[in-house]
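# Residue-level structural notes
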Amino acid sequence: MNRMDMKKFDVLALGELLIDFTDNGLSAQGNPVFEANPGGAPCNVLAMLRKLGRECAFCGKVGDDLFGRQLRDTVRSLGIDTQMLVMDRVYPTTLAFVKNAPDGDREFSFYRRSCADVQLTKEELDEMPDAKCFHFGSLSLTGEPVRSATRQAVSAAKQKGMLVSFDPNLRPPLWSSEALAKEQIEWGLSQCDLVKIADNEVGFLTGETDLVKGAAILRERFPNIRLLCVTAGADGSYAHWQDVSVFRPAFLLGGTVETTGAGDTFCACMIDYVLSHGLDALSEAQLAEMLRFANAAAYLVTTKKGAIRSMPEREQIEQVLRRERAE
């Protein structure tokens with residue numbers, strides 16, 4: 001048994017854990033109604049990985065308040081280890097309000113400045129557990145002290161021999177400038193083995209609207225990236241590994257409610273596939289299999305509100321795949 005097989009956790013994720021207040025129509029009085037859904041991209045990823053049978057742990061900080069306790073209890077109920085979840089008595093839990101547009105796009109309003117997740121410090125990560133894979137996103141790089149804590153965690157993960165997964169997860173309102181966002185996201189890309197990146201993020205970083213050309217630019221700039229997956233919403237997704245590139249269309253089966261968590265669901269499936277198959281010898285057929293499964297899972301999460309509590313079971317994903325094969 002090698003050292004990787006002996007690790008306690010499959011995936012350790014660091015970053016924001018927050019409440020997504022998602023659009024839920026109007027009240028009888030005509031006022032907007034928002035549902036308090038547990039969210040935050042890194043924990044969304046872990047929630048899906050738990051559905052796939054992976055052992056997971058989370059590093060982050062929430063307020064010791066009504067919402068923070070809701071988040072802690074939700075994460076624990078999913079079987080995600082919370083030994084590195086800090087409950088802060090000074091700073092409140094981060095909140096996000098998500099308004100759905102008629103075209104399926106989303107508008108975000110964040111209440112995060114001086115909130116708990118931004119206050120995570122390096123000292124609070126001294127006893128970071130070991131895992132096969134470490135996952136993080138760009139939101140923990142927006143400011144201090146959490147940026148320094150994240151950089152320390154990435155360094156520790158690499159020293160322990162973990163695979164490193166990164167999701168740019170661009171949210172412009174949370175950055176003081178586009179230049180800073182690009183600088184920090186590029187740092188994240190320079191540190192990782194696996195990347196799940198969305199089509200708009202490819203354009204932001206490369207100025208390229210052709211996703212294949214944009215992916216090629218990123219792979220040239222960041223040769224450390226061993227597997228690069230690009231999601232393109234309703235169009236589908238791409239996987240790039242060594243000299244192999246594969247595209248698979250999205251599942252357009254109707255019933256979409258909102259797209260919150262779709263990218264995180266896809267990302268979790270990518271990580272799960274890599275943990276099962278490694279990164280040394282992936283075939284074109286395997287990459288296509290990975291994309292089909294991830295696309296199906298991402299479709300299913302769009303048929304419900306929220307993310308953490310909306311992740312599909314493996315059997316539900318398999319049903320979608322069987323339905324496709326039968327048509």
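For the structure itself, consult the block above.
What comes next is a walk through the structure.

### What to know about unusual backbone geometry
With an omega of 5°, the peptide bond running from E144 to P145 counts as cis. Along the chain, P145 turns up in the loop between β8 (131-137) and α3 (146-159). One non-glycine residue, Q242, lies in positive phi territory at about 50°. Mapped onto the elements of the fold, Q242 is located in the loop between β12 (236-241) and β13 (244-249).

### Re the sheet that holds β8
The strand order β5-β4-β1-β8-β9-β10-β11-β12-β13 describes an open sheet built from 9 strands, whose pairing is mixed. This sheet does not close on itself; its edge strands, each paired only once, are β5 (81-88) and β13. When strand polarity is set aside, the average angle formed by the axes of neighbouring strands in this sheet is 15°. Pairing geometry for strand β9 (residues 163-167) and strand β10 (residues 194-198), over 2 bridges, is parallel. Note on β10: the bridge partner recorded for S165 is L194. Helix-sheet contacts for helix α4 (residues 178-191) involve β8, β9 and β10, and the interaxial angle to β9 is about 155°. Relative to the sheet, helix α7 (residues 262-277) contacts β1 (9-14), β8, β9, β10, β11 (227-231) and β12, its axis offset from that of β10 by approximately 160°.

### A few points about the packing of α7 against helix α8 (residues 284-301)
In contact at an axis separation of 8 Å, α7 and α8 are set at 145° when each is read in the N-to-C sense. Seen from above, α7 lies across α8 with right-handed handedness. Along the contact surface, α7 presents A262, T265, F266, C269, M270, Y273 and H277, while α8 presents Q286, E289, M290, L291, F293, A294, N295, A297, A298 and V301. For the contact of α7 with α8, a count of residues per class yields 12 nonpolar, 4 polar and 1 charged.

Definitions and cut-offs
- Residues numbered from 1 in each chain as written.
- Predicted model: local features only at pLDDT ≥ 70, side-chain atom pairs only at ≥ 80, totals over all residues.
- Heavy atoms only, no water.
- Helix = DSSP H or I, 4+ residues; strand = E, 2+ residues; numbered from the N terminus.
- Pairing = 2+ DSSP bridges.
- Axes fitted to C-alpha atoms, helices over the stretch in contact; angles between N-to-C directions.
- Contact = heavy atoms within 4.5 Å.
- Left-handed = near helix turned anticlockwise from the far one by under 90°.
- Nonpolar A, V, L, I, M, F, W, Y, C, P; charged D, E, K, R; others polar.

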